[in-house]
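Single-letter residue listing:
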Amino acid sequence: MFDYEVMNNLVLVQFCHEMYRQLAAKGFDPAYFWVRERDTSLHNHFHLAIWVNGSVTQHPQRSIEIIKGAWDKCVRAPGCVHFANAYEHAVMLRRPGDIAK
């Protein structure tokens, strides 16, 4: 089981590098930024915004699949991506420990 308490910035940095590499290889010309936040939450969490070249992709499904695969690879556990509503272009990446919650 993945220990989300030890998830530090390194996991997200590895994910961003892998995601960028894969999206760039497909010509998506990605740009992104992220922040780590705690505020009133019990645990630290990340916010990540990703932009891709709209001239290369007309629908987010292909880039979403790449992002999902990169996240699964970095946390070494499949099924940790929640599609809030792909048609609104929103995806929630979950840690393995959060799936049961």
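The written sequence of each chain sets the order in which its residues are numbered from 1. Where totals are concerned, whole chains, interfaces and linings use all residues; where local detail is concerned, this predicted model gives features only for residues with pLDDT of at least 70, and gives and counts side-chain atom pairs only at 80 or more. The side-chain quantities take in all heavy atoms of the structure and omit both hydrogens and water.

### A few points about the overall build of the protein chain
Then, in step 1: Secondary structure is summarised from DSSP: a helix means a run of H or I of at least four residues, a strand means a run of E of at least two, and numbering begins at the N terminus for each. Within the protein chain one finds 2 helices and 4 strands.
Then, in step 2: The secondary structure elements of the protein chain, listed N-terminal to C-terminal, are α-β-β-α-β-β.
Then, in step 3: Relative accessibility thresholds used throughout: buried, under 20% of the residue-type maximum; exposed, over 50%; partly exposed, between the two (1.4 Å probe, protein chains only). A buried classification covers 30% of the 101 residues belonging to the protein chain.
Then, in step 4: Contact between two residues is taken to exist if any of their heavy atoms lie within 4.5 Å; hydrogens are not considered. Considering only intrachain contacts with a sequence separation of at least 6, the fraction spanning at least 24 residues in the protein chain is 47%.

### Notes on helix α1 (residues 9–25)
Then, in step 1: Expected helix span is computed as 1.5 Å times (number of residues minus one). Between the first and last C-alpha of α1 there are 24 Å, a value that for 17 residues agrees with the 24 Å anticipated at 1.5 Å per step.
Then, in step 2: Listed as buried for α1 are V11, L12, F15, C16, E18, M19 and L23.
Then, in step 3: Positive phi shows up at G27, right after α1, with a value of about 85°.

### Comments concerning a nonpolar patch on the surface
Then, in step 1: For patch building, the residue pool is restricted to those with more than 30% relative accessible area and no salt bridge; the joining distance is 9 Å between like charges and 5 Å between nonpolar side chains (Val, Leu, Ile, Met, Phe, Trp, Tyr). Methods summary: accessible areas were calculated by the Shrake-Rupley approach with a probe of 1.4 Å, and residue burial reflects only the protein chains presented. A pair is scored as a salt bridge if a Lys or Arg side-chain nitrogen falls within 4 Å of a carboxyl oxygen belonging to Asp or Glu. On the surface, F33, V35 and W51 cluster together into a nonpolar patch covering about 320 Å² of accessible area.
Then, in step 2: On the secondary structure map, V35 appears in strand β1 (residues 31–37).

### Some remarks on the side chain of S63
Then, in step 1: The residue S63 is located in helix α2 (residues 61–75) in this model.
Then, in step 2: Classification of S63 as buried rests on a relative accessible area of 5%.
Then, in step 3: Apart from the residues lying within four places of it in its own chain, the contact partners of S63 are L23, F28 and V52.

### Considering the nonpolar core
Then, in step 1: F15, M19, L23, W71 and V75 are the most contacted members of the largest nonpolar core, which has 15 residues in total.
Then, in step 2: Taken together, the elements giving at least two residues each to this core come down to α1 and α2. As used in this record, nonpolar core signifies buried Ala, Val, Leu, Ile, Met, Phe, Trp, Tyr and Cys residues forming a set joined through side-chain atoms within 4.5 Å.

### Some points on the packing of α1 against α2
Then, in step 1: Axes here mean lines fitted to C-alpha atoms, for a helix over just the part in contact, with angles spanning 0 to 180 degrees between N-to-C directions. Axis separation between α1 and α2 bottoms out at 9 Å; the angle between their running directions is 145°. In this structure, α1 meets α2 at a crossing whose hand is right-handed. Of α2, the residues touching α1 (which contributes V11, L12, Q14, F15, E18, M19, R21, Q22 and L23) are S63, I66, I67, A70, W71, K73, C74 and V75. Crossing chirality is assigned from the near helix's rotation relative to the far helix, an anticlockwise turn below a right angle marking it left-handed and a clockwise turn marking it right-handed.

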